[in-house]
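Structural description and commentary
Each chain, written out:
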Amino acid sequence: MEPIVKKWYEYLEEGKIMGMKCNDCGQVNFPPISACRKCRSRNLEWTEMSGEGMLLMYSTSGYWPGEKFAPYAPFAYGQILLKEGTIFATKVDGVPVSSPEEIEKGNQGLPAPVKAKIVDGVGGRKVVVFEKA
Amino acid sequence: MAKNPCIIGVGMTKFGNVLETPEIKDKTFQELLAEAAFEAYDDAGISPEEIDAFIVGNMLPYTSLSNSQATNASDWLGLRCKPGFHIDTACSTTLTAIGVARDMVASGKYRNVLVTGAEFTNSYVDEETVFPLDRKPLSPTRLWNWTDYAVDHNFGYQHFYGFDVLNGVSGLAYMKTNNVSFEDYDRAMLQINKNVRLHASMNPKAIMYEQGTLEEEAEREGFSSVEEYWKSDKNPFIGWPTRRKSALNYADGASAIIVSSEPKKYKKLPIEILGFHYAAYNWPWDGSADVVAFEGAYKMAGIKPKDIDLLSVHDCLQSAHLDTSETAGYFEKGTAWKAVLDGRTRFDGDKPLNTSGGRHGLGHAFEASAGADAYEIVKQMRGEAGERQVRKPIRIAVQHNAGYALHVAVAVYRPGK
């Protein structure tokens with residue numbers, strides 16, 4: 001088996017957000033994995049993600065951040081239903097986080113379309129976040 | 001005669017902080033385990049010679065100063081040269097181990113198996129001194145750095161994962177799924193906290209026992225009402241819409257459970273393990289592991305949700321009183337928040353929930369916690385729960401634990417004959 005995690009982060013460096021499509025059941029696995037999350041098949045191949053999704057909800061981080069994310073706090077963290085059908089969770093830009101009232105109001109406007117973007121992560125590698133238009 | 005392997009003895013230490021709580025102050029990993037196990041031996045009226053095997057739970061070697069935990073514990077438990085091993089499914093471990101012990105006993109090779117677990121979450125041992133008495137206070141940030149090794153570090157954790165947002169997202173998911181307003185969610189979360197503090201105020205083993213009820217604390221803090229205290233900056237949002245008091249309180253402690261195929265030989269009412277099941281998966285969760293674990297345990301036990309008289313859910317996030325109790329079938333979908341507000345989930349209600357105080361009131365000593373939940377169910381079934389004894393007969397009890405991140409374990413119990 002080829003290294004999957006290293007390859008995925010290398011794809012991000014090239015500007016590509018990749019998932020793994022199951023050739024047996026058609027499930028698009030994101031993030032990539034060694035066996036299909038739906039049917040357990042190992043018959044998977046790399047596929048480029050659309051980067052499109054719907055933000056379902058978001059809360060904020062900053063009360064007990066992991067040390068590595070402290071510089072970003074407070075930031076929005078949300079669950080995104082990807083166009084390809086699975087849920088991913090990451091930092092979300094373009095939504096209000098400055099007060100509980102704003103977060104409540106921001107959540108009332110959901111679900112709303114969001115678009116993926118590749119940014120510098122805290123560990124020196126690229127990571128994927130989403131942005132609301 | 002009970003057909004299934006039974007719990008014949010239970011024990012647990014006071015949950016607290018080994019740097020300051022008198023009952024457990026200055027005790028090491030092995031001493032906490034031994035204290036819980038000896039209470040269980042005495043509770044059952046069993047000698048260590050009769051224990052045929054043992055399982056030890058412990059998640060954080062940085063704080064326990066132990067790898068190969070069963071080896072380190074063996075002599076201290078009075079179990080020198082007995083078969084023992086360590087397992088780790090994070091905070092569900094001691095319930096996972098109760099299932100493993102049940103099957104070991106059912107195989108016929110072992111008659112009595114001890115399940116024990118201990119954790120330190122408030123202090124750690126310096127890498128320089130590596131001496132168990134040289135403990136330093138542990139910050140929540142550092143605790144979570146170590147605890148978060150249970151979260152997928154390939155992808156999930158790198159993408160801004162944190163325990164704080166988990167509190168927020170779990171609450172939001174309940175609100176959005178069930179069309180519950182923030183005001184109603186917040187009222188329900190306050191009532192849950194009042195319940196678990198009330199339960200803890202009647203449980204001398206609880207970390208919050210000495211603090212009394214939430215109402216008493218609000219008055220001590222100078223607030224005219226508990227509602228005002230709840231919404232004050234003494235209780236900030238950990239991740240909107242969830243406030244700090246709706247999360248766990250970190251505890252140190254240990255628990256011990258003895259599973260037997262020969263319950264009649266021992267002195268206490270045996271508690272039958274009717275069924276159990278587990279399910280494991282990675283973040284982000286969609287609730288499916290909980291469904292699989294509940295369904296598997298109910299099927300093995302041959303029960304329906306309407307049979308449940310007492311429920312224990314894993315409430316490091318207290319929104320579990322709402323969403324997990326509904327997944328368990330204890331309440332219809334979308335109705336748990338109303339049941340909570342009606343007082344039905346208090347120890348004296350018709351749907352008692354987490355009568356020990358749970359992970360906020362009793363405190364959360366990670367891999368000791370599921371054993372502490374089993375301890376509470378056994379005490380309640382025997383009628384030994386004192387002031388917090390539920391007010392109705394308990395024919396069926398269900399225990400749910402969620403090991404980070406995420407291993408769900410469920411067990412079904414009934415009083416043996």
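Reading the values: rules and limits
Counting from 1, residues in each chain are numbered in the order their sequence is written. Lettering for chains starts from A, numbering for ligands starts from 1, and both go in the order in which the items are written. A pLDDT threshold of at least 70 governs which residues receive local features in this predicted model, and a stricter bar of 80 or more applies before side-chain atom pairs are shown or counted, although totals over entire chains, interfaces and linings include all residues. Where each domain starts and ends comes from a domain assignment, either automatic or drawn from a database. Contact criterion: two residues are in contact if their C-beta atoms, reconstructed from the backbone, are within 7 Å. Only DSSP runs of H or I reaching four residues or more are called helices, and only runs of E reaching two or more are called strands; each is numbered from the N terminus. Exposure criterion: with C-beta atoms placed from backbone coordinates, a residue whose C-beta has 20 or more other C-beta atoms within 10 Å is buried, one with 12 or fewer is exposed, and one in between is partly exposed. An arc is given here, and it is the one of the directions from the helix axis to the C-beta atoms. By definition, a nonpolar core groups buried Ala, Val, Leu, Ile, Met, Phe, Trp, Tyr and Cys residues that are joined through C-beta atoms within 7 Å. All axes are obtained by fitting lines to C-alpha atoms, using only the stretch in contact for helices, and the reported angles, taken between N-to-C directions, cover 0 to 180 degrees. Residues are grouped as follows: Ala, Val, Leu, Ile, Met, Phe, Trp, Tyr, Cys and Pro are nonpolar; Asp, Glu, Lys and Arg are charged; all remaining types, including Gly, are polar. The rule for pairing is simple: two strands pair if DSSP sees at least two bridges between them.

Quick notes on the domain arrangement of chain A
All names here are of chain A. Taken domain by domain, chain A consists of domain 1 (4–48) and domain 2 (52–132). Listed per partner, the contact involves 8 residues of domain 1 and 10 residues of domain 2. If you tally residues by element for the side of domain 1 that touches domain 2, the top one is helix α1 (residues 4–13), at 3 residues.

Considering helix α2 (residues 100–108) of chain A
Listed in full, the buried residues belonging to α2(A) are Ile103(A), Gly106(A) and Asn107(A). Down the axis of α2(A), the buried side of the element spans an arc of 95 degrees, and every buried residue falls inside it. Among the exposed residues of α2(A), those pointing more than 90 degrees away from its buried face are Glu101(A), Lys105(A) and Gln108(A). Taken together, the buried residues of α2(A) touch β4 (52–61) of chain A together with α6 (163–178) of chain B.

Looking at unusual backbone geometry
Residue Pro74(A) is reached from Ala73(A) by a cis peptide bond, and omega for that bond is -5 degrees. Topologically, Pro74(A) is positioned in the loop between β4 and β5 (75–82). Non-glycine residue Asp26(B) carries a positive phi angle of around 70 degrees. Inspection of the secondary structure puts Asp26(B) in the loop between β1 (6–12) and α1 (29–44). For Ser68(B), which is not glycine, the phi torsion reads 40 degrees and is therefore positive. A count of 12 C-beta atoms within 10 Å places Ser68(B) in the exposed class.

Things to note about the nonpolar core
Membership of the largest hydrophobic core comes to 163 residues, with the highest contact counts inside it found for Ile7(B), Leu33(B) and Val113(B). In this structure Val113(B) touches Asp52(B), Ala53(B), Phe54(B), Ile55(B), Ala101(B), Met104(B), Val105(B) and Val259(B), once residues within four positions along its chain are discounted.

Quick look at the packing of helix α4 (residues 93–106) of chain B against helix α14 (residues 366–382) of chain B
Residue and element names in this part refer to chain B. Put simply, α4 and α14 touch, their axes get as near as 5 Å, and they point 60 degrees apart. Contacts from Thr-93, Thr-94, Leu-95 and Ile-98 in α4 reach Glu-367, Ala-368, Ala-370, Gly-371 and Ala-374 in α14. A breakdown of the residues in the contact of α4 with α14 according to their chemical character gives 5 nonpolar, 3 polar and 1 charged.

What to know about the pairing of strand β8 (residues 126–132) of chain A
All names here are of chain A. Here strand β6 (residues 87–93) pairs with β8 via 2 bridges, running parallel. By the bridge assignment, Asp-93 is partnered in β8 with Glu-131. The pairing of strand β7 (residues 112–120) with β8 spans 7 bridges and is antiparallel. Opposite Asp-120, over in β8, you have Lys-126 as the bridge partner. Hairpin geometry of β7 and β8 is characterised by an intervening segment of 5 residues between the two adjacent antiparallel strands and by a positive phi of about 90 degrees at Gly-124.

Thoughts on the interface of chain A and chain B
Facing the 29 residues of chain A at the interface are 27 residues of chain B. Elements with a contribution of two residues or more to the side of chain A that touches chain B: β4, β5, β6, α2 and β8 of chain A. Considering only residue class, the side of chain A that touches chain B consists of 16 nonpolar, 10 polar and 3 charged.

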